[in-house]
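# Residue-level structure breakdown
The lines below spell out each chain.
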Amino acid sequence: NAGVTQTPKFRILKIGQSMTLQCTQDMNHNYMYWYRQDPGMGLKLIYYSVGAGITDKGEVPNGYNVSRSTTEDFPLRLELAAPSQTSVYFCASIHSPTKLNTGELFFGEGSRLTVL
Amino acid sequence: EDKVVQSPLSLVVHEGDTVTLNCSYEVTNFRSLLWYKQEKKAPTFLFMLTSSGIEKKSGRLSSILDKKELFSILNITATQTGDSAVYLCAVDTGTASKLTFGTGTRLQVTL
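Let me sum up the structure you'll find in this document. (Residues numbered from 1 in each chain as written. Chains lettered and ligands numbered in written order. Predicted model: local features only at pLDDT ≥ 70, side-chain atom pairs only at ≥ 80, totals over all residues. Heavy atoms only, no water.)

### Remarks on the overall build of chain A
- Across its full length, chain A holds zero helices and eleven strands.
- Mapped in sequence order, the helices and strands of chain A form the string β-β-β-β-β-β-β-β-β-β-β.
- Each principal axis of the C-alpha distribution contributes one length, and for chain A these read about 45 × 30 × 25 Å.
- Split into buried and exposed, the 116 residues of chain A put 47% on the buried side.
- Long-range pairs, those at least 24 residues apart, make up 55% of the contacts in chain A with a sequence separation of at least 6.
- A total of about 5600 Å² of accessible surface is found on chain A, and carbon and sulfur atoms cover 53% of it.
- Across chain A, 10 positive and 9 negative side-chain charges occur, with their mean positions spaced 6 Å apart. (Helix = DSSP H or I, 4+ residues; strand = E, 2+ residues; numbered from the N terminus. Buried < 20%, exposed > 50% of the residue type's maximum accessible area, 1.4 Å probe, protein only. Contact = heavy atoms within 4.5 Å. Areas by Shrake-Rupley, 256 points an atom, 1.4 Å probe, with all protein chains shown as cover. Lys, Arg positive; Asp, Glu negative; His and termini not counted. Charge placed at Lys NZ, Arg CZ, Asp CG, Glu CD.)

Right, dumping it as structure tokens:
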């Protein structure tokens, strides 16, 4: 299994540009998340989804959008990039709370985004 | 606002030492507390704790939860240089299994 795959791994954007971070998982997980991690900080939740067609805001959603058209894919869109969005972005997934859910959140390898 | 606080923020120890990392939390709804280890890339799962007083153990690492006092500790015995990492504590607040993370403890193990 590939697990959670994020692309790109690195990207430099100019202020005002837009881009999409791709995330796909092959574990048939219902729940998916986007977190960002600033230097020396923990992870903060941007958006999450409990299933195809359902998305909701996390702690820091401003400047971002998401969609969940399939169970596997959960892309994160940055509109009008700003320097404050320079960060490492992690996509993650987990089964919904059933006996399949061990509590382990499965993370992608991260996407390092720099906005200049 | 849900809050998870870890201490110390950073720690330097010698190989062979035992370390204790702390995590306290204030959340409106608690389902579980999780510990992750983060080296250069994505966090990797260590433990999930749901019940007070029951120690989880994996090799030289162990963790325990106190739901009355709202904290958890992560112990690492006989530390090795490979234990150098950031250790993240997170609380699952139950709604869609969203996690609130602490800022982490950066552990450096020197020879």
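### A look at the environment of Leu-105 of chain A
- In this fold, Leu-105 of chain A is placed in the loop between strand E9 (87-94) and strand E10 (106-107).
- Linking Leu-105 of chain A and Met-32 of chain A, residues 73 residues apart in sequence, is a C-alpha distance of 9.3 Å.
- Beyond its immediate sequence surroundings of up to four residues, Leu-105 of chain A is in contact with Tyr-33, Tyr-35, Ala-92, Ser-93 and Ile-94 of chain A together with Tyr-36 and Leu-99 of chain B.

### Quick look at the interface of chain B and chain A
- On the chain A side, the residues contacting the 18 residues of chain B number 23 residues.
- For the pairing of chain B and chain A, the buried interface totals around 1600 Å² over both sides, and the portion due to carbon and sulfur atoms is 62%.
- Here chain B is connected to chain A by one salt bridge.
- The shortest N-O distance in the salt bridge between Glu-109 of chain A and Lys-41 of chain B comes to 3.5 Å.
- Across the chain B-chain A interface, the total number found is six residue pairs in polar contact (both at pLDDT 80 or more).
- Of all the secondary-structure elements, those providing two or more residues to the side of chain B that touches chain A are strand E4 (32-38), strand E5 (44-49) and strand E10 (99-101) of chain B.
- A total of three residues in the side of chain B that touches chain A trace back to one element, the largest contributor, which is E4 of chain B. (Buried area = accessible area lost by both parts, 1.4 Å probe. Salt bridge = Lys/Arg side-chain N within 4 Å of Asp/Glu carboxyl O. Polar contact = N/O pair within 3.5 Å; in protein donor to acceptor, adjacent residues only side chain to side chain.)

### Quick word on the side chain of Gln-25 of chain A
Residue and element names in this part refer to chain A.
- Its location among the elements puts Gln-25 in strand E3 (residues 19-25).
- Relative accessible area serves as the criterion here: at 1%, Gln-25 is assigned to the buried category.
- Among the polar contacts made by the side chain of Gln-25, one reaches the main-chain amide nitrogen of Asn-28 at a distance of 3.2 Å.
- Here Gln-25 is in contact with Gly-3, Val-4, Met-32, Arg-68, Thr-71, Glu-72 and Ser-93, once residues within four sequence places are set aside.

In short, geometric facts, not functional conclusions.
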